[in-house]
Structures are given as structure tokens and as C-alpha cells.
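Residue strings, one per chain:
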Amino acid sequence: MAEAESRTPRADAARNRDQLLAVATSMFVSADAEPSMRAIAREAGVGIATLYRHFPTRESLVDAVYRDQVVRLTTGARDLLDQLPPAAAMRRWMDLFGDWIATKNGMLDTLLAMIEAGEIAHAQTRTELLAAITAILDAGRAAGDLRRDVTAEDIAASLIGIFTVAPRPAQDAKAGRLLDLLMDGLRPQPA
């Protein structure tokens, strides 16, 4: 009986944490400025104490959202390759990357301060993201649907450029068109 009772709070706590991450991510995407912790808790349907129990500081919340998004990108590459041909996986992954960039909208000041303080290993994130892109490129090369002369760095630089000139969510249509053009350039040219 005691074991069953102890599981319930843990399941509730996990649900609350997941809900807080999802809401914070959504609010960071749509915000022009960093939303307050109180607004995030209210939108998640929990009390401010619950938010602070899971994320004692704004930095801990930003770190959790940031890491969650990086994991989604890295596992997303593998999952997409399991489900789609490599070129289609690459195009879908580009959308995930755009979502990751958009998430930074409402947490940029805190995120930059954390990177500057060394609290987030920006170089490690870059390595993980380049590895995800490389996995898709390698599969695409093997299948013959992606060019052999393109590097992960080329893709990353292109994506950063696209989402700089066509930020999400405000310019989704423009970003989508530019991503499609990039994909056209990634396909091998007929001999």
C-alpha cells in the first residue's frame, strides 16, 4: 500500500514537470520578451511553488528547456531516419531545428548569460547537432538522395541563415519556402 501511494506523487510530479516544460517551451516560442515564471506556472495550471520545486531558478528552467530541445533534435534525427527516406528525414529535421531556434525567442537573455557564464556547454551542443546532421547526410549519401559534397557545417550555417531572415513562428511560410529551396540544392544533380 505504501509503495503504491509513493508512486502516485512521483507520477504527478513527472506529469507536472513535463507540463511545465511543454508550456515553457511554447511560451518561449511565442514571446517577444522572457515570460515571467508566474505566467508559465499559471499557463501550466500549477502553482508557482510547484514550478519552483521543479525549477528553483529561471536558469534551471531555461537549461531544462534547452536540453530537452537538443535531445529532441538528436533523437529526432534517428527517429526520422527510421520512418522516412533520408531526404525526407532531412527536410523534417530542418523543421525541428527551426522549432529549436524559435524556442530561444523568449529565453535569449537568460540563455546568453548562461552560455557566457559557462553554465551551458555551447560547443557540446554544436557537436551533438552536427552529429545528427551527419547521420542524416550519411544515410542520404548511401541512398543516393543527398549530395556527397555537402557537410554538416554547410547545413547548420544554411539553417541559421534561413531562420535569421525568416524567424519562426512569424514567418513560417517564408522559412518553409527557403528550406524547400535548400533541399533542392542538397539533391544530387543528374549526370
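For the structure, see preceding data.
The following refers to the structure shown. Keep in mind it's a predicted model, so treat the numbers as computed, not measured.

What counts, and at which threshold
Residues numbered from 1 in each chain as written. Predicted model: local features only at pLDDT ≥ 70, side-chain atom pairs only at ≥ 80, totals over all residues. Heavy atoms only, no water. Axes fitted to C-alpha atoms, helices over the stretch in contact; angles between N-to-C directions. Helix = DSSP H or I, 4+ residues; strand = E, 2+ residues; numbered from the N terminus. Parallel < 35°, antiparallel > 145°, perpendicular 65-115°, else oblique. Left-handed = near helix turned anticlockwise from the far one by under 90°. Contact = heavy atoms within 4.5 Å. Nonpolar A, V, L, I, M, F, W, Y, C, P; charged D, E, K, R; others polar. Expected span 1.5 Å × (residues − 1). Bend = angle between axes of the 7 residues up to and from the residue. 1 Å grid on protein atoms, 1.4 Å probe; cavity = no way out; pocket = protein on both sides within 12 Å on 5 of 7 lines; lining within 4 Å. Points joined across faces, edges and corners; volume = space filled by probe spheres on them. Core = buried A, V, L, I, M, F, W, Y, C linked by side-chain atoms within 4.5 Å. Buried < 20%, exposed > 50% of the residue type's maximum accessible area, 1.4 Å probe, protein only. Lys, Arg positive; Asp, Glu negative; His and termini not counted. Salt bridge = Lys/Arg side-chain N within 4 Å of Asp/Glu carboxyl O. Polar contact = N/O pair within 3.5 Å; in protein donor to acceptor, adjacent residues only side chain to side chain. Phe/Tyr/Trp six-rings, centres within 6.5 Å; stacked < 30°, edge-to-face > 60°. Lys NZ or Arg CZ within 6 Å of the ring centre and 35° of its normal.

**Things to note about the packing of helix 5 (residues 86-103) against helix 7 (residues 122-143)**
Step number 1: Running from N to C, helix 5 and helix 7 point in directions that differ by 160 degrees, and their axes come no closer than 9 Å. Judged by the angle between their axes, helix 5 and helix 7 are roughly antiparallel. For the element pair helix 5 and helix 7, the recorded crossing hand is left-handed. Across the interface between the two elements, Pro 86, Ala 89, Met 90, Trp 93, Phe 97 and Trp 100 from helix 5 touch Thr 125, Leu 129, Ala 132, Ile 133, Ile 136, Leu 137, Ala 139, Gly 140 and Ala 143 from helix 7.
Step number 2: Among the residues making up the contact of helix 5 with helix 7, the classes are represented as 13 nonpolar, two polar and no charged.

**Remarks on helix 4 (residues 58-83)**
Step number 1: The end-to-end C-alpha separation of helix 4 is 36 Å, in line with the 38 Å expected for 26 residues at 1.5 Å each.
Step number 2: Roughly 30 degrees is the biggest bend found in helix 4, and it falls at Gly 76.

**Section: the layout of surface pockets**
Step number 1: Its boundaries defined by the atoms lining it, the largest pocket holds a volume of some 190 Å³.
Step number 2: Of all the elements in the fold, those that place two or more residues in the lining of the largest pocket are helix 5, helix 7 and helix 8 (152-165).
Step number 3: Among the elements that line the lining of the largest pocket, the one with the most residues is helix 7, at five residues.
Step number 4: Here the lining of the largest pocket is composed, by residue class, of seven nonpolar, two polar and two charged.

**Digging into the nonpolar core**
When a protein is soluble and globular, its nonpolar side chains tend to lie buried together.
Step number 1: Membership of the largest hydrophobic core comes to 54 residues, with the highest contact counts inside it found for Ile 40, Met 90, Trp 93, Ile 133, Leu 159 and Leu 186.
Step number 2: Contributions of two or more residues to this core are made by helix 1 (2-30), helix 2 (37-44), helix 4, helix 5, helix 6 (108-116), helix 7, helix 8 and helix 9 (172-186).
Step number 3: For this core, the leading source of residues is helix 4, giving nine residues.
Step number 4: With sequence-adjacent residues up to four places away left out, Ile 40 is seen in contact with Leu 20, Val 23, Ala 24, Met 27, Phe 28, Pro 35, Leu 51 and Leu 61.

**Details of the side chain of Asp 145**
Step number 1: With respect to the secondary-structure elements, Asp 145 resides in the loop between helix 7 and helix 8.
Step number 2: No salt bridge is formed by the buried Asp 145; its nearest oppositely charged neighbour, Arg 187, is found at 7.0 Å.
Step number 3: Separated by 3.0 Å, the side chain of Asp 145 and the backbone nitrogen of Ala 87 make a polar contact.
Step number 4: Apart from the residues lying within four places of it in its own chain, the contact partners of Asp 145 are Pro 85, Pro 86, Ala 87, Gly 140, Leu 186, Arg 187 and Pro 188.

**Observations regarding the environment of Ala 33**
Step number 1: Mapping Ala 33 onto the fold places it in the loop between helix 1 and helix 2.
Step number 2: Look at Ala 33 and you get exposed, because its relative accessible area is 53%.
Step number 3: With 144 residues separating them in the primary sequence, Ala 33 and Arg 177 have C-alpha atoms 27 Å apart.

**A few points about the packing of helix 7 against helix 8**
Step number 1: At a minimum axis distance of 9 Å, the contact between helix 7 and helix 8 shows a crossing angle of 110 degrees. The orientation of helix 7 with respect to helix 8, classified from their angle, is roughly perpendicular. The way helix 7 lies across helix 8 gives a crossing that is right-handed. Where helix 7 approaches helix 8, its residues Arg 126, Leu 130, Ile 133, Thr 134 and Leu 137 are matched on the opposing element by Ala 152, Glu 153, Ile 155 and Ala 156.
Step number 2: Grouping the constituent residues of the contact of helix 7 with helix 8 by class yields six nonpolar, one polar and two charged.

**A word on the packing of aromatic side chains**
Step number 1: If you walk through the whole model with that rule in mind, you get four aromatic pairs.
Step number 2: Note on Phe 97 and Trp 100: the rings are 5.4 Å apart at their centroids and 55 degrees apart in plane angle, and the pair reads as tilted. Placement of the pair is Phe 97 and Trp 100 together in helix 5, with a separation of three residues, close to one helical turn. Residue Phe 97 shares its accessibility class with Trp 100, and that shared class is buried.
Step number 3: Note that Lys 104 overlies the ring of Trp 100, its terminal NZ or CZ placed 3.6 Å from the centroid.

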